[in-house]
Amino acid sequence: MAKKVVKGQQGFTFLELLLVLSIMMILTAVILPFSEKRLQRITEEDALKQFMTTVHETQLYAITNQQRVTLKFEEDGRAYKAVSNDLFEVLSGKFPEGMYRTKHSPLRQLDFANTGYLINTGKITITTQSKGNISVSFQFERGRMIVNE
């Protein structure tokens, strides 16, 4: 059986396709870890913003309802919830995997008086995978927050 060769026919050889696929695999292997770290960092930044929003909403609840409200952390430091003085859960939230309030954090909970003032000011230290420890300072009675990375 004779093989017919058509003049002008173009295409890729198996070797050329294999080379292109190898280059694509190498690029994917190099880029993938960077994208995972970026995704982790964005997730942690969003969680920190959500925590700060929860703090402001807790303060607003205390002012609006003229009640003392406490923002407490769970034992592992990953979850938090705001509880009014009649033990009604106002708000809650949770940090993503690998992000938590450290056990040696100077401030263990936030207590808002019925005026919205913070009863105790101080710092909460939050550990993250992408940035290490982040310190959130709660200053003045009105609940102003300063984030130090």
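Scroll up for the structure.
All of these numbers come straight from a predicted model, not from anything done at the bench. Each chain has its residues counted from 1, running along the sequence as written. Given that this is a predicted model, residues contribute local features only at a pLDDT of at least 70 and side-chain atom pairs are listed and counted only at 80 or more, while totals for whole chains, interfaces and linings are drawn from all residues. Side-chain numbers come from the whole structure's heavy atoms, not from hydrogens or water.

The 4 strands lie next to each other as S3-S2-S1-S5, forming an open sheet whose pairing is antiparallel. Among the strands making up the open sheet, the edge pair consists of strand S3 (89-94) and strand S5 (109-112). Here the strands of the sheet are splayed against their neighbours by 10° on average, with no regard to which way each runs. Relative to strand S2 (residues 79-84), strand S1 (residues 69-73) runs antiparallel, the two sharing 5 bridges. Among the inter-strand pairings, Leu-71 is bridged to a residue of S2, identified as Ala-82. Running over the sheet, helix H1 (residues 14-65) touches S1, S2, S3 and S5 and is turned about 155° from S1. Here a strand pair is declared whenever DSSP counts at least two bridges between the two strands. Secondary structure elements follow DSSP: runs of H or I of four or more residues count as helices, runs of E of two or more count as strands, with numbering from the N terminus. Lines fitted to C-alpha atoms define the axes, with helix axes restricted to the stretch in contact, and inter-axis angles between N-to-C directions lie between 0 and 180 degrees. Throughout, a contact is declared for two residues whenever any of their heavy atoms are within 4.5 Å.

Okay, the packing of aromatic side chains next. Where two aromatic rings form a pair, the distance of their centres and the angle of their planes describe that pair. Here is the rule: rings of Phe, Tyr and Trp (six-membered ring for Trp) pair when centre to centre is within 6.5 Å. Planes less than 30 degrees apart are stacked, more than 60 are edge-to-face, and the remainder are tilted. Summed over all chains, the structure comprises 6 aromatic pairs. A ring pair is formed by Phe-51 and Phe-73, whose centres lie 5.7 Å apart and whose planes are at 40°; its orientation type is tilted. Note that Phe-51 is positioned in helix H1 and Phe-73 in strand S1, a separation of 22 residues in sequence. By the burial criterion, Phe-51 is buried, and Phe-73 matches it. Where Phe-73 meets Phe-95, the ring centres are 6.5 Å apart and the plane angle is 20°; that geometry is what we call stacked. Linking Phe-73 in strand S1 with Phe-95 in the loop between S3 and strand S4 (100-101), this pair joins segments that are 22 residues apart in sequence. Considered together, Phe-73 and Phe-95 belong to a single accessibility category, that of buried residues. In this scheme, a residue with accessible area under 20% of its type's maximum is buried, one over 50% is exposed, and one in between is partly exposed, where area comes from a 1.4 Å probe on protein chains only.

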